[in-house]
Amino acid sequence: MATRPPIHPGVRVMDSHTEGEPTRVVIEGGPDLGGGTMKERASRFEQYHDDFRRWLMLEPRGYDYLVGALICPPTQKHQAAGVLFFNNVGLLGMCGHGTIGVAVTLSQLGRIGPGWHSLDTPVGEVRIECLNDHQVAITNVPSWRYRKGVVLEIPGYGQVIGDIAWGGNWFFLTEQSPCPIELPFLASLTSFAQDIREQLEKHAITGDSGELIDHIEITGPSARHTHGARNFVLCPGGAYDRSPCGTGTSAKLACLAAEGKLEPGQSWFQESVIGSCFEASYQRLDGQRILPRIMGSAYVYSEATFTTHHADPFQGGIYGLNHA
């Protein structure tokens, strides 16, 4: 139980969900991260303002599957804004569902209108197209498959083979599963994905430059789409993604493109474990890199101002096993 002086009074947020996955956008009262690149601002946020993340994202104000977004001044004149994404355990490089949520929130606030806009993130610039008041298409950062056919030995299951790919975050993707990718099997899917993550860490299997593979994506066939799949994505904080996962869909597109299973411009329908869906496609860049386009819908459902009482014993957040 943490006892701290009052912090961050009067923080205004708007909450939305993108295909079932929530995004909390800080629109007023967040920390000032100064100038410089978004990568530099992310470093300052991590070093000096992690208490803000915990205060906002952990219970009793937050919950494990919530993603936060802090709006920052743009780093270049043509950009609408900069944005940092974070969850219950730390910063995220990018967040596809969160970007759609940010776009719909900024649109509702009147800060952007229909058409094309740019957002800056710590991993690069993302283009957004506001199609109407809830539907957005994002052009994600360049994505690629880093390693093919990585073999893991999972206790109680056996050999699992998967690919490692970048879609704004690092993913291990496999088409093997101990059960159907359906809601009644969430406990089994979560346990299986956690075992995969543990084996990756145990054997020091990483992304490019030794970066942590912090997302696990299990895919299976779609009952609705010929060119599509259904996925279960385990996020860094231990919660599963209710949406089809924008960065995970980007990583999946990169693998499909590398295998020659999906042509540039061809639609791919990525379903989540709850049945929501992104429509996706890609453009080919140099080598195996692609530029993914992800389309989905978000809906703002609440606006709130958070405060802190000086006597609240949990003013800094309630810490659990998944909380850093």
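I will try to describe carefully the structure that is included in this document. Being a predicted model, the structure only gives us computed values, none of them experimental.

## So, the packing of aromatic side chains
So, point 1. Enumeration over the complete set of coordinates arrives at 10 aromatic pairs.
So, point 2. Between the aromatic rings of Trp55 and Phe306, the centroid separation amounts to 6.4 Å while the plane-to-plane angle is 90°, which identifies the pairing as edge-to-face. One end of the pair, Trp55, is in helix 2 (residues 50–57); the other, Phe306, is in strand 16 (residues 290–306), and 251 residues separate them in sequence. Phe306 matches Trp55 in its accessibility class, with the two residues each being buried.
So, point 3. Positioned above the aromatic ring of Tyr65 is the side chain of Arg242, whose terminal nitrogen or guanidinium carbon lies 3.6 Å from the ring centre.
So, point 4. A cation over an aromatic ring shows up here: Arg242 above the ring of Tyr240, its NZ or CZ 3.8 Å from the ring centre.

## A closer look at helix 3 (residues 96–108)
So, point 1. Under the 1.5 Å per step criterion, the end-to-end length of helix 3 is 19 Å for 13 residues, consistent within 8% with the ideal 18 Å.
So, point 2. Burial within helix 3 is extensive, with 11 of its 13 residues counted as buried.
So, point 3. Taken as a whole, helix 3 has its buried residues at Gly96, His97, Gly98, Thr99, Ile100, Gly101, Val102, Ala103, Val104, Thr105 and Leu106.
So, point 4. In the segment just after helix 3, Gly110 is the residue with positive phi, at about 80°.

## Structural notes on helix 2
So, point 1. Within helix 2, 6 of the 8 residues are buried, leaving the element largely enclosed by the surrounding structure.
So, point 2. Within the span of helix 2, buried status applies to Asp50, Phe52, Arg53, Trp55, Leu56 and Met57.
So, point 3. Among the structural elements, strand 1 (11–18), strand 2 (21–28), helix 1 (38–48), strand 3 (67–72), strand 4 (81–86) and strand 16 are those in contact with the buried residues of helix 2.

## Observations concerning the environment of Glu201
So, point 1. Its location among the elements puts Glu201 in helix 4 (residues 186–202).
So, point 2. Through-space distance from the C-alpha of Glu201 to that of His49 is 27 Å; in sequence the pair is 152 residues apart.

## What about the layout of surface pockets?
So, point 1. Taken as a whole, the largest pocket encloses approximately 680 Å³ of empty space.
So, point 2. Along its surface, the largest pocket is lined by 25 residues, and Leu91, Leu92, Gly93, Val123 and Glu211 are the ones closest to its centre.
So, point 3. Residue assignment for the lining of the largest pocket shows that the elements contributing at least two residues are helix 1, strand 4 and strand 5 (91–92).
So, point 4. It is helix 1 that contributes the most residues to the lining of the largest pocket, 4 residues altogether.
So, point 5. Looking at the lining of the largest pocket residue by residue, the classes come out as 14 nonpolar, 6 polar and 5 charged.
So, point 6. In this model, the second largest pocket occupies a volume close to 270 Å³.
So, point 7. If you go around the second largest pocket, you meet 15 residues; those closest to its centre are Asp163, Glu175, Lys252, Cys255 and Lys261.
So, point 8. Listing elements by their share of the lining of the second largest pocket, those giving two or more residues are strand 9 (144–154), strand 10 (158–166), strand 11 (170–174) and helix 5 (246–259).
So, point 9. Ranked by residue count, the leading element in the lining of the second largest pocket is helix 5, at 4 residues.
So, point 10. Broken down by class, the residue content of the lining of the second largest pocket amounts to 4 nonpolar, 4 polar and 7 charged.

Procedures and definitions
Residues numbered from 1 in each chain as written. Predicted model: local features only at pLDDT ≥ 70, side-chain atom pairs only at ≥ 80, totals over all residues. Heavy atoms only, no water. Phe/Tyr/Trp six-rings, centres within 6.5 Å; stacked < 30°, edge-to-face > 60°. Helix = DSSP H or I, 4+ residues; strand = E, 2+ residues; numbered from the N terminus. Buried < 20%, exposed > 50% of the residue type's maximum accessible area, 1.4 Å probe, protein only. Lys NZ or Arg CZ within 6 Å of the ring centre and 35° of its normal. Expected span 1.5 Å × (residues − 1). Contact = heavy atoms within 4.5 Å. 1 Å grid on protein atoms, 1.4 Å probe; cavity = no way out; pocket = protein on both sides within 12 Å on 5 of 7 lines; lining within 4 Å. Points joined across faces, edges and corners; volume = space filled by probe spheres on them. Nonpolar A, V, L, I, M, F, W, Y, C, P; charged D, E, K, R; others polar.

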